[in-house]
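# Observations on the three-dimensional arrangement
Residues per chain, in single letters:
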Amino acid sequence: MGETAETPLRVETDGDVAILTLNRPQKRNALSDTLIEALADAVEAAQRNSRAVVICGAGEHFSAGLDLAEHAERSPIEGVHHSRRWHAVFEKLEHGAIPVFSALHGAVVGGGLELAAATHVRVADESAFFALPEGTRGIFVGGGGSVRVARLMGVARMTDMMLTGRSVGAAQAEAWNLCQYVVPEGEARAKAVELAKKAAGNAEMSNYAILNALPRIADMARGDGLFVESFVSAMTATSPEAEERLRAFLDKRAAKVARPGQ
């Protein structure tokens, strides 16, 4: 489908999963202001109406990043406001109430990688390549990459990618923690939807705790994290849904954890 002013983002549902497709294929799904605002609206709607989200890209690429044609015309203060808007939208993804999965193929570059880093589970197909070319463009990350991407793969690797323009393939990205799954070319979306459906079937309180407590505990001192964990654990385990699921397991009505591949 071609790019139109009305459809920078396609929104579909598959059961409890909202599927959001970046839809600027002629621009390699560059993240324009219009697309970011459409993403913000779709995420808010999904938080109300769905139990999980999948973000993917139309055409040959997930996203080649920031729309540089728009960025070139901004003053410094406009650049600050633009960056902070991206932060606000990506924060809705990362610290919302439902899990967000990304299906990555082709270019996962610059702002596209920043968007992927704001999702909770990243599935890449073998065509995916990852890069942070900001240094070669004379700019700096502005969509949260200095926090999220650096924490995923480490500051030294991020520094290398930004200074040299280095790109890495899907297998290397998995080794560096930029993605958690690598699948054959063309299969990322199907795998991401499959995983999202599994997560959508979890207890809401458990998902909320995983998404919002884990990253905060990671930022705490060890003793503080353990203290907070105790309260989150107790609250989660005493929800009605958790009590029913635990009872089903004790009554042998729930499946046990199986070996990988079974």
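Structure report, in brief. (Residues numbered from 1 in each chain as written. Predicted model: local features only at pLDDT ≥ 70, side-chain atom pairs only at ≥ 80, totals over all residues. Heavy atoms only, no water.)

### Quick notes on the overall build of the protein
Broken down by element type, the protein carries 12 helices and 9 strands. Each principal axis of the C-alpha atoms in the protein carries an extent, and together these give about 60 × 45 × 35 Å. The 262 residues of the protein split such that 43% are buried. By sequence separation, contacts in the protein at least 24 residues apart represent 69% of the contacts at least 6 residues apart. Surface exposure of the protein reaches about 13600 Å², of which carbon and sulfur atoms provide 55%. When the 28 positive and 33 negative side-chain charges of the protein are each reduced to one mean point, those points stand 6 Å apart. (Helix = DSSP H or I, 4+ residues; strand = E, 2+ residues; numbered from the N terminus. Buried < 20%, exposed > 50% of the residue type's maximum accessible area, 1.4 Å probe, protein only. Contact = heavy atoms within 4.5 Å. Areas by Shrake-Rupley, 256 points an atom, 1.4 Å probe, with all protein chains shown as cover. Lys, Arg positive; Asp, Glu negative; His and termini not counted. Charge placed at Lys NZ, Arg CZ, Asp CG, Glu CD.)

### Here's the deal with the sheet that holds strand β8 (residues 167-169)
Overall, mixed pairing links the 3 strands, which are arranged β5-β7-β8 in an open sheet. Each of the sheet's edge strands pairs with one partner strand only, and the pair in question is β5 (107-109) and β8. Taken pair by pair, the neighbouring strands of this sheet meet at an average axis angle of 20 degrees, ignoring direction. Here β5 pairs with strand β7 (residues 129-131) via 3 bridges, running parallel. Within the sheet, the bridge partner assigned to A107 lies in β7 and is F129. (Pairing = 2+ DSSP bridges. Axes fitted to C-alpha atoms, helices over the stretch in contact; angles between N-to-C directions.)

### Digging into the environment of H87
With respect to the element layout, H87 can be found in helix α3 (residues 76-94). We classify H87 as partly exposed; its relative accessible area is 24%. Put simply, H87 and V100 are 13 residues apart on the chain and 16 Å apart in space, counted from C-alpha to C-alpha.

### Remarks on the layout of surface pockets
Of the voids in this model, the largest pocket is the one considered here, and its volume is about 820 Å³. Contributing to the lining of the largest pocket are 37 residues, with E94, H95, A117, R148 and P215 lying nearest its centre. Where the lining of the largest pocket is concerned, the elements lending two or more residues are α3, α4 (111-117), β6 (121-125), α6 (145-153) and α10 (204-218). For the lining of the largest pocket, the leading source of residues is α10, giving 7 residues. When grouped by side-chain class, the residues that make up the lining of the largest pocket number 14 nonpolar, 14 polar and 9 charged. Taken as a whole, the second largest pocket encloses approximately 420 Å³ of empty space. Lining the second largest pocket are 24 residues, and of these G65, L66, L68, G111 and I139 sit closest to its centre. Among the secondary structure elements, those contributing two or more residues to the lining of the second largest pocket are α2 (68-71), α3, α4 and α5 (134-137). (1 Å grid on protein atoms, 1.4 Å probe; cavity = no way out; pocket = protein on both sides within 12 Å on 5 of 7 lines; lining within 4 Å. Points joined across faces, edges and corners; volume = space filled by probe spheres on them. Nonpolar A, V, L, I, M, F, W, Y, C, P; charged D, E, K, R; others polar.)

### A look at the state of the cysteines
Following the criterion strictly, the structure yields 0 disulfides and no others. In this model C56 remains outside any disulfide bridge; the closest cysteine sulfur is found in C179, 16 Å from its own. For C56, a relative accessible area of 5% corresponds to the buried category. Residue classification places C179 among the buried positions, given a relative accessible area of 2%. (Disulfide = S-S within 2.5 Å.)

### A short note on the pairing of strand β3 (residues 52-57)
Most of β3 sits out of view: 6 of its 6 residues are buried. Burial along β3 is two-sided: A52, V54 and C56 facing one way and V53, I55 and G57 facing the other are all buried. Two elements, β3 and strand β4 (residues 100-104), share 3 bridges in a ladder whose sense is parallel. Note on β4: the bridge partner recorded for V53 is V100.

### A closer look at helix α7 (residues 155-164)
For α7, every residue scored as buried is listed here: M158, M161 and M162. Summarising the axial view, the buried residues of α7 lie within an arc of 95 degrees, below the 170-degree limit, and thus occupy one face. Away from the buried face of α7 by more than 90 degrees, exposed residues A156, L163 and T164 are located. Close packing links the buried residues of α7 with β7, α5, α6 and β8. Backbone geometry just after α7 places G165 at a positive phi near 75 degrees. (Arc of directions from axis to C-beta.)

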